[in-house]
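Chain by chain, the residues run as shown.
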Amino acid sequence: MEAPIRAASLRFTRVDPSRWPKAVRTLVALGFNAIDLPLIWREYAGRDGGPDDARLAHDLASLLRIIGDAGARAVLRLGPWAGVDVEGLGIPEGVLRDPAVRSHTRRRNPRWVSDHLRVVPLPSLRSETYNTAARAWIRSAVGAAVAGSSGPDVIARVLLGHGAPTLLRDAPDDPDAAGVDLATVDPATEEAEVTRSFLLGLASVARESGAPAAALRLAIQGDPLASAAAAVLALTEGLAWAAPPSRAGVRAIWRDARLATTLVHGHHLDLRAGHAPLEVPSRATDAIDCARVALGAGARDITVLHGCSGGDWVGAILDEQGEPRQAATRWQALLGWAAGLPAGVERGRRIARSPEAIARARAGAVFGALPLSWLSRWGFSLDELSATPVGADALESTAVAAGEAWAPTFTSDDKTDDAVAVALDPAGAAMVRAVDTADGRAWVLANVGMATVTVSGAVACALEPGAVVVVRDEEQAGG
Amino acid sequence: MADGTTRWSGMDARSWARLVSLVAPGLAPLPPRHHARDGSLPGGMLLVAHDGTTVLRALHTLRGVVATDGPWNGRDTLAALAAQCDTRFAVALRRDAAERFMERVGGRCTTDDDAVDTTLLALGVLRELLDDCALDVLPSPLRSLPLPPVEVVRAAWDRVLPDGHSAVIALFEGPTLVSGVAVRRRGGVVDQVHGVESLRAWSGPLGGDFRRDYRVIRAAVERSLGPVAVGLFAPEATVIELLRTETPGSWAKALAVRDVMVEPMPPWAAMATGVSALRAAADESRRWAFDADGWLAKTTRKVIDLAGTVDLQAVLGFDPLAVLGVVLRESRPRPTQPDDPA
């Protein structure tokens, strides 16, 4: 079985190339086994408007060689809109300003999205011009990566799609009205179909350009339970999505972490170390807490954004000189602990979900056109935001009745989640760290799932079925 | 103002959170367990969706769904729901509010709008929605803020931070520089924003007394970014206290006794720091202030001399510091951040 991906991103265009080797080596020394490289389309736009293939090939060849020499693998994040920390959505100015590319509101006004303190027109996934330009970018980027790759296994993942939630519209009154008669279609279903076509189009181009098919992941932002497109795509494709911020609370983090292992095998989970300067602040330990929950839940592939940001970011693991910040040692401890988790235990189960039910729930969103992705930053689920709940619990019941395990089946030291009690051995200095999937139990036993239960004497710790239990040696785990 | 070209540098999570939560304590990051929706936490924000007659859903950012299907009677309902959730900040949206916002902004924005244009345009649309009762907010002072024209904001901005100049805030906890920011304006926009890591790197080792260290930090910023238009150097706790106080002239008093250092002190800063209160008291103290010698008298005279030259309240139509004080007094104290590494 392929080793799990534990990646940290290197925002290499903001870091002096002379510091690339040091940054990569430092991240690898912390325990990351892959380096996530966000390739920003806008930064590689040539004078003719097309991709600057020569510079792209030069940079990628250098980076892939450095990564290979460090014994790591590469995760290529190609966008077209690769993340939130980019100017102009990461899309070349010429493309962004092209009227044929724009998304429109119901009354045919251009749809604008926040770009730091100004706004820029939102591209339409339905626009043929935009699709053509985006595919040309993907073709160039993948071609340069494949040509610059020093070995067949250096490229571990290729992530395609938009890294910010607003581009995949997710509210029923917020459809992209560009080139479609909204009176004749169901907006929510139509949106899901357009998103699906856009992402599959990018994937097709990437495959034609030489990207390993098994490495492709399609980016879905926001609450994946609230995405009809995700429900459809997950049946056939690997997905990548972002965990909600810690502000959303442990339940939302847990829900997404659990989905990362239960929706379908092979998902990639993005966690953010820090935040953009104009976003709500987070703690340096937030991403570590999220990662611990995700790894405990069985997430195999994660990227920590931003391992080394080179600026324009608050709270990256490495500072702008590539030196580790204080929180780096905690990442090192966490990754050391994760390396000791049992490998080869497949904890995921495919859960069939109904895209139509999700679309109906979206149509019943009580906040109208206020984007669900915006509201989900506080962990609000689609059921809470809709007058027509999708019924996540019902989905869970259906899955269980169909013989599929909703909760991850976690095994450690011969204990399974069917056990209702875990006997602790004080002599072994073992610690129980648990996240309970049942209501409210996470905080009885744990803080973000990983609090310490001090063991004195013979202790039995009751757990509900479905809980994740990790028994470990505290000394080996490193705090 | 900042835009997509602004370079942000030298920020670790802890010091930046301290700086932001100084003026917005509600944004202070909390451990995830505080967002577990256990129903007992005060604070947070309430979001209410209604259709004009019925509350469709009331969501609290810490507690989840708190109400559905109740009658909607405007601000009274919003205030009651906020009180029920033990929060002072609430937003009510009529079901069509978001779409109206998008349509109106969509019809008025252009690709050439800068940050000032865009911000004022969005605030203007929000004001229209408030007037249409499609949007409502608590606390009330946020509703009544005047919205100055673009030209006025630009003029005020030119006075606060002239082009080619920089500004610095350095906050201390004991002898340690724990938070701060330095910004530079060039070409009409803030082109560089630096956090405390940059300040430390530029300044080198500090003595541990902000009343002396401010000279070192100011000189370091001037070497790295250019002339400093205004600098605030103070213990963090003192600034928190001054921002929340209702006592007139508190800033002026703190300046006079060097509890905070504002160096250099531009005219607008003299006004904003409550020098009007000092001026009112100056009738009593003028003789003493001008006859006496020593640093206290010099500082007081300096502040009095600057008073009245630029009044941001007169320019903008409101006193930014006073508005901030109202919001902060409505807010809960900033939570501590134990055990969070930089």
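Residues numbered from 1 in each chain as written. Chains lettered and ligands numbered in written order. Predicted model: local features only at pLDDT ≥ 70, side-chain atom pairs only at ≥ 80, totals over all residues. Heavy atoms only, no water.

Caption draft 1: Spotlight on the overall build of chain B. Looking only at helices and strands, one finds 13 helices and twelve strands in chain B. A total of 342 residues make up chain B; the buried ones form 51% of that total. Contacts in chain B between residues at least 24 apart in sequence constitute 63% of all its contacts with a sequence separation of at least 6. If you sum the accessible surface of chain B, you get close to 14900 Å²; carbon and sulfur atoms cover 56% of it. (Helix = DSSP H or I, 4+ residues; strand = E, 2+ residues; numbered from the N terminus. Buried < 20%, exposed > 50% of the residue type's maximum accessible area, 1.4 Å probe, protein only. Contact = heavy atoms within 4.5 Å. Areas by Shrake-Rupley, 256 points an atom, 1.4 Å probe, with all protein chains shown as cover.)

Caption draft 2: Highlighting the sheet that holds strand β8 (residues 239-242) of chain A. Residues and elements named next belong to chain A. Read around the closed barrel, eight strands run β1-β2-β3-β6-β7-β8-β9-β10, paired in parallel fashion. Direction aside, neighbouring strands of the sheet carry axes that sit 30 degrees apart on average. The pairing of strand β7 (residues 216-220) with β8 spans three bridges and is classified as parallel. Within β8, the position partnered with Leu218 by the bridge is Leu239. Sheet strands touched by helix α4 (residues 128-148): β3 (73-79) and β6 (155-160). Its angle to β3, the strand with the most contacts, is close to 165 degrees. (Pairing = 2+ DSSP bridges. Axes fitted to C-alpha atoms, helices over the stretch in contact; angles between N-to-C directions.)

Caption draft 3: Representation of the packing of α4(A) against helix α5 (residues 187-208) of chain A in the model. Residues and elements named next belong to chain A. Running from N to C, α4 and α5 point in directions that differ by 35 degrees, and their axes come no closer than 9 Å. Crossing of α4 over α5 shows right-handed handedness. Taken together, the residues of α5 that come into contact with α4 (itself represented by Tyr130, Asn131, Ala134, Arg135, Ile138, Arg139 and Val142) are Ser197, Phe198, Gly201, Leu202, Val205 and Ala206. Residues of the contact of α4 with α5, tallied by class, amount to eight nonpolar, three polar and two charged. (Left-handed = near helix turned anticlockwise from the far one by under 90°. Nonpolar A, V, L, I, M, F, W, Y, C, P; charged D, E, K, R; others polar.)

Caption draft 4: Region of interest: helix α9 (residues 328-339) of chain A. In a regular helix each residue adds 1.5 Å, so twelve residues correspond to 16 Å; α9(A) covers 16 Å between its end C-alpha atoms and thus fits that length. For α9(A), the complete set of buried residues consists of A:Ala328, A:Trp331, A:Ala333, A:Leu334, A:Leu335, A:Trp337 and A:Ala338. (Expected span 1.5 Å × (residues − 1).)

Caption draft 5: Quick peek at the pairing of strand β9 (residues 268-272) of chain A. All names here are of chain A. With four of five residues buried, β9 lies mostly within the body of the structure. The pairing of β8 with β9 spans three bridges and is classified as parallel. Directly across from Ala242, in β9, lies its bridge partner Asp270. As judged from the five bridges shared by β9 and strand β10 (residues 301-308), these two strands associate in the parallel manner. Looking across to β10, one finds that Arg272 is bridged to Leu305.

Caption draft 6: Expanded view of the pattern of salt bridges. Residue and element names in this part refer to chain B. Tallied over the full model, the rule gives 33 salt bridges over all chains. One salt bridge in this structure joins Asp96 and Arg94, with 3.0 Å as the shortest N-O distance. Linked by salt bridges that have partners in common, Arg94, Asp96, Arg100, Arg104, Arg108, Glu128 and Asp132 make up one network. (Salt bridge = Lys/Arg side-chain N within 4 Å of Asp/Glu carboxyl O.)

Caption draft 7: How the structure looks around the pairing of strand β8 (residues 166-173) of chain B. Residue and element names in this part refer to chain B. β8 sits mainly inside the fold: six of its eight residues count as buried. Relative to strand β9 (residues 176-186), β8 runs antiparallel, the two being bridged by eight bridges. Paired with Ala170 across the two strands is Gly180, which belongs to β9. Counting the residues that bridge the hairpin from β8 to β9 gives two residues, and of these Gly174 lies at a positive phi of roughly 65 degrees. In terms of strand pairing, β8 meets strand β11 (residues 228-235) through seven bridges, oriented parallel. The partner of Ile169 across the bridge, within β11, is Leu232.

Caption draft 8: Here's a closer look at unusual backbone geometry. Note the cis peptide between A:Leu305 and A:His306, where omega equals 10 degrees. Checked against the element boundaries, A:His306 lands in strand β10. Cis geometry marks the peptide bond from B:Glu263 to B:Pro264, where omega comes out at -5 degrees. Positionally, B:Pro264 belongs in the loop between β12 (261-262) and α10 (267-291). Here A:Arg108, not a glycine, exhibits a phi torsion of approximately 70 degrees, which is positive. Within the secondary structure, A:Arg108 sits in the loop between α3 (93-96) and β4 (112-115). In the Ramachandran plot, B:Arg258 falls in the positive-phi region, its phi being about 60 degrees despite a non-glycine side chain. Relative to the helices and strands, B:Arg258 is located in the loop between α9 (250-256) and β12. The exposure class assigned to B:Arg258 is partly exposed, which follows from its relative accessible area of 24%.

Caption draft 9: Fine view of a nonpolar patch on the surface. Residues and elements named next belong to chain B. A grouping of Leu123, Leu126 and Leu147 is seen on the molecular surface, where their side chains present a nonpolar patch of about 210 Å² in accessible area. Relative to the elements of secondary structure, Leu123 occurs in helix α4 (residues 115-131). Owing to a relative accessible area of 37%, Leu123 belongs among the partly exposed residues under this scheme. (Patch = residues over 30% accessible without salt bridge, like charges linked within 9 Å, V, L, I, M, F, W, Y side chains within 5 Å.)

Caption draft 10: Region of the structure containing the interface of chain A and chain B. In this assembly, 67 residues from chain A lie in contact with 64 residues from chain B. Approximately 5400 Å² of surface area, both sides summed, lies buried where chain A meets chain B, with 57% of it carried by carbon and sulfur atoms. Of all residues in chain A, A:Trp112, A:Arg283 and A:Phe367 give up the largest surface area on contact with chain B, accounting jointly for 13% of the area buried on that side. Across the contact surface, chain A and chain B share three salt bridges. Where A:Arg325 meets B:Glu197, a salt bridge forms, and the shortest distance between an N and an O atom there is 2.6 Å. Taken together, chain A and chain B are joined by 18 residue pairs in polar contact (both at pLDDT 80 or more). For the side of chain A that touches chain B, the secondary-structure elements that each account for two or more residues are β5 (118-121), α7 (250-262), α8 (286-297) and α12 (382-385) of chain A. (Buried area = accessible area lost by both parts, 1.4 Å probe. Polar contact = N/O pair within 3.5 Å; in protein donor to acceptor, adjacent residues only side chain to side chain.)

Caption draft 11: A look at the nonpolar core. Core analysis: the biggest nonpolar cluster contains 91 residues, and A:Leu10, A:Leu39, A:Leu78, A:Leu160 and A:Trp331 have the highest contact counts within it. Per-element tally for this core: the top contributor is α4(A), with eight residues. Residues A:Ala365, A:Trp378, A:Phe380 and B:Val91 belong to the second largest nonpolar core, which totals 37 residues. (Core = buried A, V, L, I, M, F, W, Y, C linked by side-chain atoms within 4.5 Å.)

In short, shape yes, function no, at least from these values alone.
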